[in-house]
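Notes for the structure review
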Amino acid sequence: MNRIPVYKILFLTIIVTLLSCTHNNGDIGPLFGQWKLTEILINDKPDQNYGGNIFFAFQNDVTNMRMVCEHNETIEKYGHWEQNGDILLLIYDDPNYLPLPETYFNTGVNTCEIITLNSKELILKRKSDNGTYTYKFKKW
């Protein structure tokens, strides 16, 4: 009787697990993955205070907002998101994970218009009482 060695079964199990775990609950399209927030525009003018150190990640319906600080320390905030056509809702309703003030996102629902979304670039525009914010991202 032919028997498959245990190490081959273990190797195949690890490979299948690694390949199947990146897209929980299906493919969410080009939004999936990590994005570096490269620039914030306020009323079409660059935000001079933004340091280029914030990243967003999207998986399933969860978003992670991470700011990299000195000595590679990080501050992480979590929310969830919904996309309906060219509208992206970023929702930060957990009091323990309110959005980073540096992003100008509000607590609760933030309605963003998707200007550009492809495998390399994401541009979002959001209007608020304080003006219009444009967020430019690069796939990281």
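Residues numbered from 1 in each chain as written. Predicted model: local features only at pLDDT ≥ 70, side-chain atom pairs only at ≥ 80, totals over all residues. Heavy atoms only, no water.

1. Remarks on the pairing of strand S1 (residues 33-42)
Stated formally: Two strands pair if DSSP finds at least two bridges between them. Secondary structure follows DSSP: runs of H or I at least 4 residues long count as helices, runs of E at least 2 residues long count as strands, and numbering of each begins at the N terminus.
Summarising the sheet, S1 and strand S3 (residues 54-59) pair through five bridges and their orientation is antiparallel. Of the residues in S3, the one forming a bridge with Trp 35 is Phe 56. Here S1 runs beside strand S9 (residues 131-139); their pairing, made up of seven bridges, is antiparallel. In the sheet register, Lys 36 faces S9, and the bridge partner there is Lys 138. Here S1 runs beside strand S2 (residues 45-46); their pairing, made up of two bridges, is antiparallel. Following the sheet pairing, Leu 41 is matched in S2 by Pro 46. Between S1 and S2, which pair antiparallel one after the other, the connecting turn spans two residues, and Asn 43 there sits at a positive phi close to 50°.

2. So, the environment of Cys 112
Applicable threshold: Any two residues whose heavy atoms approach within 4.5 Å at even a single point are treated as in contact.
Locating Cys 112 in the fold gives a position in strand S7 (residues 108-117). Sequence separation of Cys 112 and Leu 88 is 24 residues, and the distance between their C-alpha atoms is 5.1 Å. Setting aside anything within four residues of it in sequence, one finds Cys 112 in contact with Asp 86, Ile 87, Leu 88, Leu 90, Phe 105, Leu 124, Lys 125 and Arg 126.

3. So, unusual backbone geometry
A positive phi is found at Asn 60, a non-glycine position, where the angle reads about 50°. For Asn 60, the location among the structural elements is in the loop between S3 and strand S4 (62-68).

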